[in-house]
Structures are given as structure tokens and as C-alpha cells.
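Summary of the model geometry
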Protein chains: 2
Amino acid sequence: MELNKEITDSAAQLGAILTNKGLTITTVESCTGGGVSYALTDTPGSSNYIDRCFVTYSNVAKQQLVGVSEQTLQQFGAVSEQAVREMVVGAQRAANAEVAVAISGIAGPSGGSAEKPVGTVWFAFAFKDNVQVEQCVFLGDRAKVRVQAIDFSLKALLQLVNS
Amino acid sequence: MELNKEITDSAAQLGAILTNKGLTITTVESCTGGGVSYALTDTPGSSNYIDRCFVTYSNVAKQQLVGVSEQTLQQFGAVSEQAVREMVVGAQRAANAEVAVAISGIAGPSGGSAEKPVGTVWFAFAFKDNVQVEQCVFLGDRAKVRVQAIDFSLKALLQLVNS
């Protein structure tokens, strides 16, 4: 369960910026299952900018822990722009953090559809009031989809806090 | 960020047992920062037995998310038998899960003391009303301490659900 160097380097760079700017971060993860928080806490001193993180695997957890609305989940599904937008804002609020990332996707091998194939991952990144969303369709097996999603998250967060 | 095979194998074995027995599991992690939930969700179909998991990095998060008492944290510290006992029972309740693990330790490189050296990790494992605690002092750097704690957790959970 070693973290690859690219991921730990991104986490460390992000941690240095958060520390310098006095910012805190949180995560709310579905398909990555805590991989981003695991990467972020690899960096010594990460307790300076992390208070808590959430793994919301079920729809009910997304509603109860970070306040995603039932209507959004019913209308658009958990793997959607609307869901990750609500997740990221809810996580920011629940953790009282300036920076947040929300991740919801279909890591496979099952669960894919024509509209949302396996590898589809929605991300939302928040820095104070600025919320950005991205959708990726990653190739590879379950493990590879998850690692790519973690790597992508950290790089996007780096860009966001540097902007 | 590949999971090592020993860890993914343990997670898959545990998942098969949970599925067969119709049990659900949750985690509340401090020093491992989501690594156990990341490992558990590596297994396809893990949404059958995982609803939510918690990363409670700060003392306040331990109080707010899984109901650890302020008195326990003040009297014994977050890295203590008492704290992980309260964490695991609180996580079971918050996630409505039969099986749970709580992990709190000092991954280093700083934060150690004569009484609680770097590498000290307290674990609590719950299976319904049965709660067991363990303390380990792992050798190695921060990454190695965390990986050993994840590995140890999964193996102890396997024993517990097989008992």
C-alpha cells in the first residue's frame, strides 16, 4: 500500500501551500474510498490543515454527512455534476474548510452504462466560493481508475489553490 | 498508490465474509487517514457492506463525528485505549454497522514521547457488542507505520468476523 511518488509529491506540494496560506482542506470521496485523504495525510504535519474527511459510499451517506439532496440523487444520480457540486459545498461546511474536493464515479468492474461507462468520474473542487467541476473517463481496471482519480484530484487542487 | 497484494487480499477476504454473513463495516481513522477505507473499497462490490467511513484527524472531529468525549481526550489523549474504544462504538452507531475499526496513533516523524513513541498505534475492533483493543508500536518511517497499521487492522478484522 505504498503511495506512488507522483501522488505523494503532489500531496506534499499542496500541503506546503495550504500551510503557507493558512488554509484547511477536506475531502468527500465515493469511488476513491478515502484514497485522497490517505494521500493528503501521508505528508508530515498534515494535521495543520486537515481536521476531518468523509467517505460517503452510499446515497444515504451523501445525504446525511454532507447534505446532498435526495432529489438530486434521484434526478441525476450520485455520479453527476449536480451531486459532486452539493457534496463539495456540504463537505466544506461540515468540516469548516476553505478547500475541498468531492469525487463520485464508477470504478468498475460493474455499474457502468452507455451514458456513464466504467471509468466515469465526476469531481468538484472548491476554494472558498469558487467551485469548479470536471468529468473524466479513465481507462483501466478498478485500481487504475481509482489511482488516476486520486492523482487528478491532487493536481487540480494544486492548480486551484495557486490560482 | 498501488495497494500491496497482502493488503488487497485481506480486504477481499474480509469482504467475502461480510457479504456471506450479511454484515456491514465502517472505519474511523486518525493516523491512517483513510487508508483502511481505501483498502476495503478496493474490492469490487464493497458497496454491499460499506455505507460510510470517517477520517477524524483532529480531536474536535473525533468528538463531533463519532462522539468521543472531551474528558476522555483530555485525560488520556487521542492515542489511547479509551479514545479508540469510544471511537469504534461511536462509528458503529453513526454508520449503523455491525463491524468497525478505530485507529489512532503517532505516525511521526514528530509527536512522539517517552510514554508514546512514534509508531505507537491504538486499535479498537468491534463486532456487534464485542469490542477488542490492541496496541502496537511499529518500526519504520511514517509511511511504513501507516501501512503496517492498515495491514494489522484488516487481519484483526478477519479474525474477529471469523470468530
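Look up a bit, the structure's there.
Definitions and limits used
Residues numbered from 1 in each chain as written. Chains lettered and ligands numbered in written order. Predicted model: local features only at pLDDT ≥ 70, side-chain atom pairs only at ≥ 80, totals over all residues. Pairing = 2+ DSSP bridges. Helix = DSSP H or I, 4+ residues; strand = E, 2+ residues; numbered from the N terminus. Axes fitted to C-alpha atoms, helices over the stretch in contact; angles between N-to-C directions. Contact = placed C-beta atoms within 7 Å. Buried ≥ 20, exposed ≤ 12 C-beta atoms within 10 Å, placed from the backbone. Least-squares fit on C-alpha atoms with pLDDT ≥ 70 in both.

**Overview of the sheet that holds strand β1 (residues 25–29) of chain A**
A sheet is described by the order of its strands in space; here ten strands give the open sequence β5(A)-β4(A)-β3(A)-β1(A)-β2(A)-β2(B)-β1(B)-β3(B)-β4(B)-β5(B), paired in mixed fashion. Both edges of this open sheet fall to β5 (130–137) of chain A together with β5 (130–137) of chain B, since each of them pairs with a single strand only. Strand after strand, the sheet turns through a mean of 10 degrees between neighbouring axes, direction not considered. Pairing of β1 of chain A with strand β2 (residues 52–56) of chain A, which is carried by two bridges, proceeds in the parallel orientation. From the neighbouring strand, Val-28 of chain A faces β2 of chain A, where its bridge partner is Phe-54 of chain A. Strands β3 (99–105), β4 (120–127) and β5 of chain A of the sheet are contacted by helix α6 (residues 142–162) of chain A, whose axis makes an angle of about 25 degrees with β4 of chain A.

**Observations regarding the pairing of β4 of chain A**
All names here are of chain A. Burial within β4 is extensive, with seven of its eight residues counted as buried. Two strands pair when backbone bridges link them, and β4 and β5 are joined in this way by eight bridges, in the antiparallel orientation. From the neighbouring strand, Phe-123 faces β5, where its bridge partner is Glu-134. Here β4 folds back onto β5, and the loop between the two strands holds two residues, one of which, Lys-128, carries a positive phi near 55 degrees.

**Some remarks on the environment of Phe-76 of chain B**
Take Phe-76 of chain B: it is sitting in helix α4 (residues 70–76). Using a count of 14 C-beta atoms within 10 Å as the deciding quantity, one classes Phe-76 of chain B as partly exposed.

**Section: the relation of the copies chain A and chain B**
Each copy of the sequence occupies a distinct position, and chain A is placed on chain B by a rotation of 180 degrees and an axial shift of 0.0 Å, giving an RMSD of 0.0 Å. The symmetry that links the two subunits is that of a two-fold axis. Among all residues of chain A, the one whose C-alpha sits closest to the rotation axis is Gly-34 of chain A, at a distance of 2.3 Å. Interface residue correspondence from chain A to chain B reaches 100%, placing this contact among same-surface, isologous pairings.

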